[in-house]
Amino acid sequence: MDGATRQMRPGNLDVITPGLLQVWYSTFTLEAIREIIASLSPKRVACLSCPSVFYHLSEEMRNAHGVLNFEFDRRWADDDGFVFFDCYQPTQLPPSLHQTFDLLIADPPAINTKTLECYATSIRLLAGPGAKILFSTMENFDATMYDLLGLSPKPFKPDLPGFGLDGRWSFYANFGCDRLAERNPEAEARAAAAAEETDAEAEDFCRGFHQPQHEI
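The written sequence of each chain sets the order in which its residues are numbered from 1. In keeping with the predicted nature of the model, local features appear solely for residues at pLDDT of at least 70, side-chain atom pairs appear and are counted solely at 80 or more, and the whole-chain, interface and lining totals rest on all residues. The side-chain numbers reported here are obtained from all heavy atoms of the structure, hydrogens and water having been left aside.

(A) Examining the nonpolar core more closely. Throughout this description, the term nonpolar core refers to a set of buried Ala, Val, Leu, Ile, Met, Phe, Trp, Tyr and Cys residues connected via side-chain atoms within 4.5 Å. Burial classes: relative accessible area under 20% of the type maximum marks a residue as buried, over 50% as exposed, and values in between as partly exposed (1.4 Å probe, protein chains only). Core analysis: the largest hydrophobic core is formed by 61 residues, its most contacted members being L48, F70, L104, I105, F135 and L180. Leave out the neighbours within four places in its chain, and F135 touches A106, P108, L116, Y119, I123, M145, L149, L151, S170, F171 and Y172. The contact criterion used throughout is that any non-hydrogen atoms of two residues lie within 4.5 Å.

(B) Region of the structure containing the environment of L149. Secondary structure is summarised from DSSP: a helix means a run of H or I of at least four residues, a strand means a run of E of at least two, and numbering begins at the N terminus for each. Tracing the backbone through its elements, the reader meets L149 in helix α5 (residues 142-149). Considered as a pair, L149 and R124 are 25 residues apart in the sequence and their alpha carbons are 8.0 Å apart. Discounting chain neighbours no more than four positions away, the residues touching L149 are A120, I123, R124, I133 and F135.

(C) Up close: the side chain of S49. Residue position: S49 is located in the loop between β1 (45-48) and α2 (51-56). Within the structure, the side chain of S49 is placed 2.5 Å from the side chain of Y119, a separation counted as a polar contact. Setting aside anything within four residues of it in sequence, one finds S49 in contact with F70, E71, F85, D107 and Y119. Distance and chemistry together define a polar contact, namely a pair of N or O atoms within 3.5 Å, with one atom able to donate a hydrogen and the other to accept it when in protein, and with adjacent residues in sequence counting only for side-chain atoms on both sides.

(D) Inspection of the environment of L97 at higher detail. The residue L97 is located in the loop between β3 (82-84) and β4 (101-106) in this model. In this structure, the C-alpha to C-alpha distance between L97 and A127, residues 30 residues apart in sequence, is 9.0 Å.

(E) Inspection of a negative patch on the surface at higher detail. Patches were defined on residues exceeding 30% relative accessible area and lacking a salt bridge, with like-charge contacts within 9 Å and nonpolar side-chain contacts (Val, Leu, Ile, Met, Phe, Trp, Tyr) within 5 Å. Working definition of accessibility: Shrake-Rupley area with a 1.4 Å probe, residue cover restricted to the visible protein chains. The salt bridge definition used is simple: a Lys or Arg side-chain nitrogen within 4 Å of an Asp or Glu carboxyl oxygen. Charged residues are defined narrowly, with Lys and Arg counted positive, Asp and Glu counted negative, and His plus the chain ends left uncounted. Just so you know, the charge point we use is NZ for Lys, CZ for Arg, CG for Asp and CD for Glu. Residues E59, D78, D79 and D80 make up a contiguous surface patch of negative charge. Within the secondary structure layout, E59 lies in helix α3 (residues 59-64).

(F) Spotlight on the sheet that holds strand β5 (residues 127-138). With mixed pairing, seven strands are arranged side by side in an open sheet as β3-β2-β1-β4-β5-β7-β6. Only two strands of the sheet have a single partner each, and these edge strands are β3 and β6 (152-153). Here the axes come from fitting lines to C-alpha atoms, over the contacting stretch only for helices, and the angles between their N-to-C directions go from 0 to 180 degrees. The sheet contacts of α5 involve β5, β6 and β7 (169-173), and relative to β5 the element is tilted by about 160°. Any two strands with at least two DSSP bridges between them are considered paired.

Shown next, in the form of structure tokens:
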């Protein structure tokens, strides 16, 4: 199919906003998340910095589960469900949304401690009693994620095509389900390939992910 007739991804996710780090989950990973949402049947879902999840869901499913798209990128501001979200201003969220979500999904664009702490602050503010949390970040953050939100790593790892840290990303959650207990063959294949990189290559790519993704 040529470029003139190729169908764009929902939410126009084929376009990357200059100046922002934007990497999307693979279709296989997105479908797994959709299945998790369907199995949990939450009343309200917060997607923090993961527009690919929001736009992978059908409009019917977004409406049925009260899914909102918390995003810094204002290109989606005119779409239903958009909530402006600056992760470095973690408490600047509409009071009407405080403690109203029973499922929160987050995919921070950086892996420095400041960023992770900011997301944890927002999640605690938005989460209702007994809320379930699904959080993706670089692996080996077990102690940090448990200290911040009581989350533990899950066997199912997210896959992010074209991302230089493929195979090194993990899902952390405070709940279990069949889908999270499975292995993701895509992510495991990329992890095997990533193991062949030199330490210098990995360090060079990682350097940017320890910096804030916009001015604090």
